[in-house]
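Chains, contacts and geometry: an overview
Residue strings, one per chain:
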Amino acid sequence: MSVLDSIIVGVREDLAKRRLPLAELRERLESASPVIDAHPGLRGDLISVIAEVKRSSPSKGALATIADPAKLAEQYQQAGASVISVLTEERRFGGSLADLESVRKAVDIPILRKDFMVDEYQFYEARAYGADVVLLIVAALSTHQLKDYFEMATELGMASLIEVHTHDELERAMEINPRIIGINSRNLKTLEVDQKAFAELLPEIPAEIIKVAESGISERAEVELARSFGADSILVGEALVRAGDPISALQTLRGL
């Protein structure tokens, strides 16, 4: 079993334990904050940043305690982040829907629910807790699921970050006419990082699609390299949560 497969098994088990009654979920959906459109802020003269609230990872273990995710999100917004990514996977990343909810109350920019979306229920759950964007990992989904989940997110008003790691996955992603594609330099099946993925895949994405470089970015030179291959945005977690000053660290990555 690959690392990705193992994570998905855990996600399904945890989801089964926390499912709200349908009536309660509908009530949450009705009172959810309006969706904020993430697309405009992800493309501009400067490379944009999706800044991540991330306590741990399968590859690095514990990264930061983050006792107050809302405060960290406020710092990200102050530093010019375009989107806040909140990990909600519990076992490997130490996240929760409570983190998502607290961040939503603290900032007025779009929020990405960063999780392994493998069940329709999770999309209603994401919107009910205030997400504006969801992550769809092509490696974790069948072609049918990818299409259906993309349509479901769109119907709920949310944007979708379609994540790929290989040429084959990029081809599958293009079939659903996405607006945002993320190139993850980390192979989720082995957890190995190879930034050649940026060089190989970013130039293949049409200009009208927002292009996000994900994983392994911690220095300004790496941001500039991703930008040179066509990235409009970067998704950064570890480098920010480990920085003593996340505001300064984020601004440095943006070139300010």
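Please refer to the structure higher up on the page.
All values reported here derive from a predicted model rather than from experimental measurement.

Rules of the game
Residues numbered from 1 in each chain as written. Predicted model: local features only at pLDDT ≥ 70, side-chain atom pairs only at ≥ 80, totals over all residues. Heavy atoms only, no water. Pairing = 2+ DSSP bridges. Helix = DSSP H or I, 4+ residues; strand = E, 2+ residues; numbered from the N terminus. Axes fitted to C-alpha atoms, helices over the stretch in contact; angles between N-to-C directions. Contact = heavy atoms within 4.5 Å. Buried < 20%, exposed > 50% of the residue type's maximum accessible area, 1.4 Å probe, protein only. Phe/Tyr/Trp six-rings, centres within 6.5 Å; stacked < 30°, edge-to-face > 60°. Lys NZ or Arg CZ within 6 Å of the ring centre and 35° of its normal. Parallel < 35°, antiparallel > 145°, perpendicular 65-115°, else oblique. Left-handed = near helix turned anticlockwise from the far one by under 90°. Nonpolar A, V, L, I, M, F, W, Y, C, P; charged D, E, K, R; others polar. Right-handed = clockwise from strand over helix to strand, strands pointing away.

**Here we look at the sheet that holds strand β10 (residues 233-236)**
If you trace the 8 strands once around the closed barrel, you get β1-β4-β5-β6-β7-β8-β9-β10, paired in parallel fashion. Strand-to-strand twist in this sheet, taken as the mean axis angle between neighbours without regard to direction, amounts to 25°. Where strand β4 (residues 83-87) meets strand β5 (residues 111-114), 4 bridges bridge the pair, whose relative direction is parallel. Across the sheet, residue S85 finds its bridge partner in β5, namely L112. Against the sheet, helix α7 (residues 167-174) touches β7 (159-164) and β8 (180-184), its axis set at about 155° to β7.

**As for unusual backbone geometry**
Positive phi, normally seen in glycine, also occurs at I66, with a value near 50°. With respect to the helices, strands and loops of the structure, I66 is situated in the loop between β3 (61-62) and α3 (69-79). With phi around 55°, N177 is a residue other than glycine that occupies positive phi space. Structurally, the position occupied by N177 is in the loop between α7 and β8. For N177, a relative accessible area of 63% translates into the label exposed.

**Considering the side chain of E125**
By the secondary structure assignment, E125 is in helix α5 (residues 120-128). Other than its neighbours up to four places away in sequence, E125 contacts L15, R18, L25, L97 and R113.

**A look at the packing of aromatic side chains**
Within the structure shown, the criterion is met by 2 aromatic pairs. Note on F93 and F116: the rings are 6.0 Å apart at their centroids and 35° apart in plane angle, and the pair reads as tilted. Linking F93 in the loop between β4 and α4 (97-106) with F116 in the loop between β5 and α5, this pair joins segments that are 23 residues apart in sequence. For the pair F123 and Y149, a centre-to-centre distance of 4.9 Å together with 45° between the ring planes defines the contact as tilted. Remark: Y149 occurs in helix α6 (residues 143-155) and F123 occurs in helix α5; sequence separation between them is 26 residues. Take F123 and Y149: they sit in the same class, and that class is buried. Positioned over the ring face of Y121 is R19, at 4.7 Å from the centre of the ring. If you follow R28 out to its NZ or CZ, it ends over the ring of Y129, 4.1 Å from the centre.

**Description of the packing of helix α2 (residues 22-31) against α5**
Viewed as axis vectors pointing N to C, α2 and α5 meet at an angle of 45°, and their least axial separation amounts to 8 Å. One way to sum up the angle between α2 and α5 is to call them oblique. Pair α2 / α5 crosses with left-handed handedness. Residues L25, R28 and L29 of α2 pack against Y121, Y124, E125, R127 and A128 of α5. Across the contact of α2 with α5, the residue classes tally to 5 nonpolar, no polar and 3 charged.

**What to know about the pairing of strand β9 (residues 210-214)**
Burial runs high along β9: 5 of the 5 residues are buried. What you see with β9 is no split at all: I210, V212 and E214 on one side and K211 and A213 on the other are buried throughout. Of the strand pairs in this sheet, β8 and β9 are connected by 5 bridges, and their pairing is parallel. Across the sheet, the residue bridging to N184 is E214, located in β9. As for the winding sense of the linkage, the β-α-β connection from β8 through helix α8 (residues 196-201) to β9 is right-handed. Relative to β10, β9 runs parallel, the two sharing 3 bridges. Along β10, the bridge assignment pairs E214 with L235.

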